[in-house]
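An overview of the molecular structure
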Amino acid sequence: MKEKKGLGKIIRFEAIIPFTIIILLIVLYTKFFFDSHMKSALEWGMTKALGAEVNIASFQTKISDLSLKIQKIEITDAQAPHQNSIQIGEIRFSALWDAILRAKLVVNEAAIEQIEFSVPRKKPGYVAPPTSSEEEGPSAMDKIKDQALDATQKKFSNNVLGDAASWLGNPDQDPLEGIKGSVQSKALIEAFEKEIESKKKGWEKRFAELPKPEEFKALGDRMGKVKTSNFKNPGELASSLQELDKIVKEADKKYKSIDGANKDLTSDLKRIDSEIKSIESQVKNDIKDLENRIKLPKLDAQSLATSVFMGYLSPYKDQMLKYKAMALKYMPPNLKKKGGNEPDPSMQPRPRANGVSYEFGKPMAYPLVWIKKTRITSQAGSSPYSGNIEGEIRHISTNQLLTNEPIVADLKGNFPASQVEGFRTQLTYDNRKAESLVDFQLAVASYKVPAPKTLLETKDINLVLNESNARLNLGLQLIDLKAYTLNIQNDLTSAQFAVTAPQKIVKEVFESALSSLPEITLTAKAKSQLPNFPLNIDSNLGRELGKAFEKELKAQVDKAKKALQEQIDREISKNKAALDKQINEFKSQIQGRLDSLKNQAEGQKKQAENQIKSSQKSSENKAKEQIGKEAEKALKKLFGK
Amino acid sequence: MTLLLKQIFAFLRLLNSDTGTEQLAAGLTMGLFLGFSPFLSLQTLLFLFVLFFFRIQIGAAFLGAFFFKFVAFLADPLADILGRIVLEAEALRSLWVTLYNMPIIPMTRFNNSIVMGSFLAALVLCVPTYFAFKSLILKYRATVVARIKETKIWKAITATKFYNWYISYDKLYGAQ
């Protein structure tokens, strides 16, 4: 080994040439191969990430001004590989050296030009096959989401319209089917009949115990034999009176027995009347109860609108949840200060697979990434898939606390070939406060709805939107990526529907409601916390359908009510007639017999009492006459005449 | 690759000779820094530059880097904790803010908890590691190398023409 001397003992001078060669190779690689390798890497990475082929025509970098120009980015539509979902003509920007030296990316102005949609590809793009997890099925979260959506759709489709359609579709159905057996008044009448029968038997028995007419006749005979005048002596008078008194007492006893029975009968008859009234009241209650128990469909306009448009709006809901998940994944953190509510700009931890990378910012410093302005322009006419787009996105940054600017996007334009007119979208994402705010506004003055679109597909009704233009106004406010307020106003103008239904009347109801509306308005509102999505849907179609259904259903319900009344009347009328007859018989027989007995008893009693009075008077007269004679005889004897 | 293999052979040769103990220990200690640093970072380039231009045994450094990469991988959770403690320390906040906003320094990725933790661990371990390696090399030479040289097999090998030819070649063209 050769011994080195001087600086050569420490410094490896012979490394200068290899080092120069390495640097030269790097420069040459950057000059001739870097762009093409970057282009391939970007195509490969984006294809992997998006699951559909991405092609880039040109990728050019320039170190001197740190500029990048990417031309013709084609992203294959995974659903239709023969076309691109989006095609961007050019993206270009140049970064600041000052920021790059600080390991930051700051762009003063970027430009995105010539955006086109659904452009046919020269050859179909590659679409990645579903991953093993996708093959096995959706994730648990997706399953829950799908189940909830399915449940909501089924709930509305089957319950509201299904019930209404089945009502209208079966005009001959028996509304009392299945509930007839539970008519209470019928049971009450039957029980009452039994009670009347038992009472009748009771009264027959009691009649047998009551004094017979013969007994009153016998009393009359006995009375006739009693001497009521020409008493020979007081003893005879006394004997007559005694006999008569006995007869009176006996007649009184019999009368009381009959009177008691009469009172009991009156009480029984009153009770029967009261029970008849109670049966009549029960019949009314039964009718009311059965009316309530008839399964009348709920036909409010909102439920109908939800039934019709839930399927139409569900994809938008899915999109919103998807974008929310993406936002949560990529949006910069916004941690609060320890013990305070305000975010701390001087430290923003960013979790990564390997450790945590902190951003130590300070006001006016560069954030990790900051694209101050992105100008978006596109001109229609160059191809039928392009549109006139004009707008800009300002202050895309990873740390808004440093830039003190929210992300603001404002785009407007139209796509004449796709019949999209008056498109405007504004997005603001403000992450400067403890609770971030996303404000999104989207308006489209007119666009063609992708058709045909099945709105309803149930066993009772199939509603397909065949053709329509629409206008849209959408507003979304999302606070802290959780609490949101969503307002959608989507109006279908010149909509053409196809209605098919097994029941003619259901089809007619739908067709009359749809034809009566010049345009269909749809308002969807939601205010909640993600992932809950209680969408409140209202539409003039719902209201119109409600009216049409209501009219038809009212006729059906009235018919059902009438049938119900008839059914109940039929059920109880037979029993009621028998009962009435029974009561009338009971009243006439028992009352008549009892009244006759009572009259007899009263007559005999009165007769006996008269006879007593008569005997007493006769006895008095005779005594007076005897005393007069005795007195005359004594006077004659005294005065000697 | 040839350069790398040549350096590794040189390392083995130096290890079995009686010279270059400090060079070997320094190379292995540099390997500790390389192993504990992220592959794409400014400090890695800096270490490579130092290795390239200063007479540190490159083979030892690469072997050391290879070995310490595994150690660093196993120690990542500890490095993460240490890095978080240091980077989140309120007292050092202004220092980090200044460094983060300076040119060039952020390219070291010091703001990553694992990078910071690993670097601090390497910094603390470099001095004891240097002396530990030096001591181990000396012990290795005194025990293992001396014993092998006394064996009959080794004596038989050194007696061959091939060995003598190799020694002559090494004197003329052998790299350091």
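Quick caveat, the model's predicted, so the values are computed rather than measured.

**Here's the deal with the packing of helix 5 (residues 76-88) of chain B against helix 7 (residues 113-150) of chain B**
All names here are of chain B. Between helix 5 and helix 7, the shortest axis-to-axis distance is 6 Å and the interhelical angle comes to 100 degrees. In terms of axis orientation, helix 5 runs roughly perpendicular to helix 7. In this structure, helix 5 contributes Asp 76, Ala 79, Asp 80, Ile 81, Leu 82, Gly 83, Arg 84, Val 86 and Leu 87 to the contact, and helix 7 contributes Ser 113, Ile 114, Val 115, Met 116, Gly 117, Ser 118, Leu 120 and Ala 121.

**Some points on the confidence of the model for chain A**
Residue and element names in this part refer to chain A. A residue-level look at chain A finds 76% of positions with pLDDT of 70 or above and a mean pLDDT of 76. Overall, residues 133-141 carries pLDDT values under 50, and its contacts beyond four positions in sequence, including any with other chains, amount to 3 contacts. Note on residues 147-158: pLDDT is under 50 here. Beyond four places in sequence and across chains, it has 13 contacts.

**Notes on the nonpolar core**
With 34 residues, the main nonpolar core has B:Ala25, B:Met30, B:Phe33, B:Phe36, B:Ile56 and B:Ala61 as its most contacted residues. Listing elements by their share of this core, those giving two or more residues are helix 2 (21-36), helix 4 (58-74), helix 5, helix 6 (93-100) and helix 7 of chain B. Counting residues per element, this core draws most heavily on helix 2 of chain B, at 9 residues. B:Ala25 has contacts with B:Tyr130, B:Phe133, B:Lys134 and B:Ile137, leaving out every residue within four places of it along the chain. Core analysis: the next-biggest nonpolar cluster, separate from the first, contains 23 residues, A:Ala305, A:Leu456, A:Leu463 and A:Ala501 among them.

**With respect to the packing of helix 2 of chain B against helix 3 (residues 42-53) of chain B**
Residue and element names in this part refer to chain B. The contact between helix 2 and helix 3 brings their axes to 9 Å, and the two run at 160 degrees. The angle between the axes of helix 2 and helix 3 places the two elements in the roughly antiparallel class. Considering how the two elements wind past one another, helix 2 and helix 3 form a crossing that is left-handed. Where helix 2 approaches helix 3, its residues Met 30, Phe 33 and Leu 34 are matched on the opposing element by Thr 44, Phe 47 and Leu 51.

**As for the pairing of strand 7 (residues 369-378) of chain A**
Residue and element names in this part refer to chain A. As paired strands, strand 4 (residues 105-120) and strand 7 are joined by 7 bridges and run parallel to one another. Looking at the pairing, Ala 111 lines up with Arg 375 of strand 7. Inspection of the sheet shows strand 7 paired to strand 8 (residues 388-397) by 8 bridges, in the antiparallel sense. Bridge assignment links Arg 375 to a residue of strand 8, and that residue is Glu 392.

**Details of unusual backbone geometry**
All names here are of chain A. At Leu 66, a residue that is not glycine, the phi angle is positive and equals roughly 50 degrees. Relative to the helices and strands, Leu 66 is located in the loop between strand 1 (54-62) and strand 2 (67-76). Of note in this structure, Ala 103 is not a glycine but carries a positive phi near 60 degrees. Tracing the sequence through the fold places Ala 103 in the loop between helix 3 (97-100) and strand 4. On the neighbour-count criterion, Ala 103 (18 C-beta atoms within 10 Å) is partly exposed.

What counts, and at which threshold
Residues numbered from 1 in each chain as written. Chains lettered and ligands numbered in written order. Predicted model: local features only at pLDDT ≥ 70, side-chain atom pairs only at ≥ 80, totals over all residues. Axes fitted to C-alpha atoms, helices over the stretch in contact; angles between N-to-C directions. Helix = DSSP H or I, 4+ residues; strand = E, 2+ residues; numbered from the N terminus. Parallel < 35°, antiparallel > 145°, perpendicular 65-115°, else oblique. Contact = placed C-beta atoms within 7 Å. pLDDT = per-residue confidence, 0-100. Core = buried A, V, L, I, M, F, W, Y, C linked by C-beta atoms within 7 Å. Buried ≥ 20, exposed ≤ 12 C-beta atoms within 10 Å, placed from the backbone. Left-handed = near helix turned anticlockwise from the far one by under 90°. Pairing = 2+ DSSP bridges.

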